2 protein chains.
Amino acid sequence: MVNENSIVQEKMGNSKLYKGSLNTIILKLLDEEGKMYGYEITQKVKELSKGELNITEGALYPALHKLEAEGLLDVEVARVDNRLRKYYKLTEKGEKETVSRLAELEDFIRSMQQLVNPKWSIQ
Amino acid sequence: MVNENSIVQEKMGNSKLYKGSLNTIILKLLDEEGKMYGYEITQKVKELSKGELNITEGALYPALHKLEAEGLLDVEVARVDNRLRKYYKLTEKGEKETVSRLAELEDFIRSMQQLVNPKWSIQ
DNA sequence: CCCTATGCATAAGAAATTTATGTATATTGG
DNA sequence: CCAATATACATAAATTTCTTATGCATAGGG
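These numbers come from a predicted model, not from an experiment.

A.B. asks: What should I look at first to understand the layout of surface pockets in this one?
C.D. replies: By rolling a water-sized probe across the atoms, one finds the places where empty space is left. Residue and element names in this part refer to chain A. Size it by volume and the largest pocket reaches roughly 500 Å³. If you trace the largest pocket, you find 20 residues lining it, with Tyr18, Lys19, Gly20, Ser21 and Leu22 closest to the centre. Broken down by element, the lining of the largest pocket gets its largest block of residues, four residues, from helix H1 (residues 21-33). Here the lining of the largest pocket is built from residues that sort into seven nonpolar, seven polar and six charged. Within this model, the second largest pocket holds a volume of roughly 250 Å³. For the lining of the second largest pocket, a count of residues per class yields five nonpolar, six polar and one charged.

A.B. asks: How should the pattern of salt bridges be read in this particular structure?
C.D. replies: Proximity of charged atoms lets side chains of opposite charge pair with each other. Counted by the stated rule, this structure contains eight salt bridges over all chains. In this structure, Arg110(A) and Glu106(A) form a salt bridge, with 2.9 Å as the shortest nitrogen-oxygen distance. Linking Arg110(A) with Glu106(A), this pair stays in helix H4 (residues 92-116), spanning four residues, or about one helical turn. Of the charged contacts in the structure, one is a salt bridge between Lys66(B) and Glu70(B), with a shortest N-O distance of 3.9 Å. In this structure Glu70(B) comes out as partly exposed when scored by relative accessible area, which is 33%.

A.B. asks: What should I look at first to understand the protein's contact with DNA strand C in this one?
C.D. replies: Close to DNA strand C lie 26 residues, the nearest being Tyr37(A), Tyr39(A), Tyr61(A), Lys86(A) and Thr56(B). A breakdown of the atoms of DNA strand C within 4 Å of the protein gives sugar and phosphate a share of 73%. His65(A) is positioned with one of its side-chain polar atoms (N or O) 3.1 Å from a phosphate oxygen of DNA strand C. If you list the elements that add at least two residues to the surface near DNA strand C, you get helix H2 (38-48), helix H3 (57-69) and strand S3 (83-90) of chain A together with helix H3 (57-69) of chain B. In terms of residue count, the dominant contributor to the surface near DNA strand C is H3(A) (five residues).

A.B. asks: Honestly, the pairing of S3(A) in this entry has me stumped. Any pointers?
C.D. replies: The side chains of a regular strand alternate, residue by residue, between the two faces of the sheet. Residue and element names in this part refer to chain A. Two strands pair when backbone bridges link them, and strand S1 (residues 36-37) and S3 are joined in this way by two bridges, in the antiparallel orientation. The residue of S3 that forms the bridge with Met36 is Tyr88. As defined by bridge partners, strand S2 (residues 73-80) adjoins S3 across eight bridges and the pair is classed as antiparallel. Paired with Ala78 across the two strands is Arg85, which belongs to S3. Here S2 hands over to S3 after two residues, with Asp81 in that stretch at a positive phi of 55°.

A.B. asks: Which parts of the structure should I look at to understand the sheet that holds strand S1 (residues 36-37) of chain B?
C.D. replies: Backbone-to-backbone hydrogen bonds join strands into a sheet, with any given pair of strands oriented parallel or antiparallel. All names here are of chain B. Spatially, three strands are ordered S1-S3-S2 in an open sheet, and the strand pairing comes out antiparallel. Edge positions in the sheet fall to S1 and strand S2 (73-80), since each has one partner strand and no second. Lying on the sheet, H3 is in contact with S2 and strand S3 (83-90); it crosses S2 at an angle near 130°.

A.B. asks: Explain the protein's contact with DNA strand D here, please?
C.D. replies: Residues in contact with DNA strand D amount to 26 residues; listed here are only the nearest, Gly20(A), Lys66(A), Tyr37(B), Tyr39(B) and Lys86(B). The sugar and phosphate moieties of DNA strand D supply 73% of its atoms located within 4 Å of the protein. The side chain of Tyr37(B) places a nitrogen or oxygen atom 2.8 Å from a phosphate oxygen of DNA strand D. The separation between a phosphate oxygen of DNA strand D and a polar side-chain atom of Tyr61(B) is 2.9 Å.

A.B. asks: How should I be thinking about the relation of the copies chain A and chain B in this particular structure?
C.D. replies: Both copies of the chain are related through a single rotation about an axis accompanied by a shift along the same axis. With an axial shift of 0.1 Å and an RMSD of 0.1 Å, the rotation relating chain A to chain B amounts to 178°. Given the turn and translation reported, the copies of this chain are related as if by a two-fold rotation axis. A share of 97% of interface residues in chain A that are also interface residues in chain B marks the association as one of identical surfaces.

Conventions used here
- Residues numbered from 1 in each chain as written.
- Chains lettered and ligands numbered in written order.
- Predicted model: local features only at pLDDT ≥ 70, side-chain atom pairs only at ≥ 80, totals over all residues.
- Heavy atoms only, no water.
- 1 Å grid on protein atoms, 1.4 Å probe; cavity = no way out; pocket = protein on both sides within 12 Å on 5 of 7 lines; lining within 4 Å.
- Points joined across faces, edges and corners; volume = space filled by probe spheres on them.
- Helix = DSSP H or I, 4+ residues; strand = E, 2+ residues; numbered from the N terminus.
- Nonpolar A, V, L, I, M, F, W, Y, C, P; charged D, E, K, R; others polar.
- Salt bridge = Lys/Arg side-chain N within 4 Å of Asp/Glu carboxyl O.
- Buried < 20%, exposed > 50% of the residue type's maximum accessible area, 1.4 Å probe, protein only.
- Near = heavy atom within 4 Å.
- Polar contact = N/O pair within 3.5 Å; in protein donor to acceptor, adjacent residues only side chain to side chain.
- Pairing = 2+ DSSP bridges.
- Contact = heavy atoms within 4.5 Å.
- Axes fitted to C-alpha atoms, helices over the stretch in contact; angles between N-to-C directions.
- Least-squares fit on C-alpha atoms with pLDDT ≥ 70 in both.

Structure (structure tokens):
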């Protein structure tokens, strides 16, 4: 069907998630929260980033499945209000991986700081 | 053929360039240096990042061509020691774009900082 | 009832990069 | 002199990661 509004797009405050950062975000959130389900992660990211980062489901669910397949996450299915939830939590391997991913992110940011030489710096 | 060394891989200090950051790096370096040629960029990035970031030629050259096609870069061919060099520099449009790309990078890093809540913070 | 929110999932396509080549000249060590 | 390495460009195929577009299902509000 045709768009009936003249307001074609309201694609607000968009992500610009640098590719590769999603896994690190997932791992770190699970590290903090203990366990979370997919939808909860999307909401938490939106909230913490003040709407700046928007994780799409098409990116999130495959990422979760992959992390699980790699043995970094465990799943536990629950039914709440007759709706399905899949709670994910870090395995031991996942906890170790989280540490190294965060270190990698920090290295990346430090490197970018060297290259891009901005007004800000990491303390 | 079979690998004759027991030293299978020496894939050192690897890139882990978060996808999407390459263009910003190129633009910022050109902004600082005035003009650079491709090979020079790879060496400069390696040097500034202390070997952390390794720009591959397969990524760099297409990126340069695309930035040129978008009108962000100008090229100037030179011959030095009988070898070809293509010097790139920012157009006016490229200079403006550089500013917004850097702002975007800063936003990203701030968002990651909110999410990943590390020991370090941006000042 | 219909729309939004909650909650999962997958498929097709796009974008950015890696890996693998290819060409050519210059320099250095043995 | 020759082989390996460095300099300097380029492109194609494959891969990774993400967006966009769907699809299914339940709950709640107006």
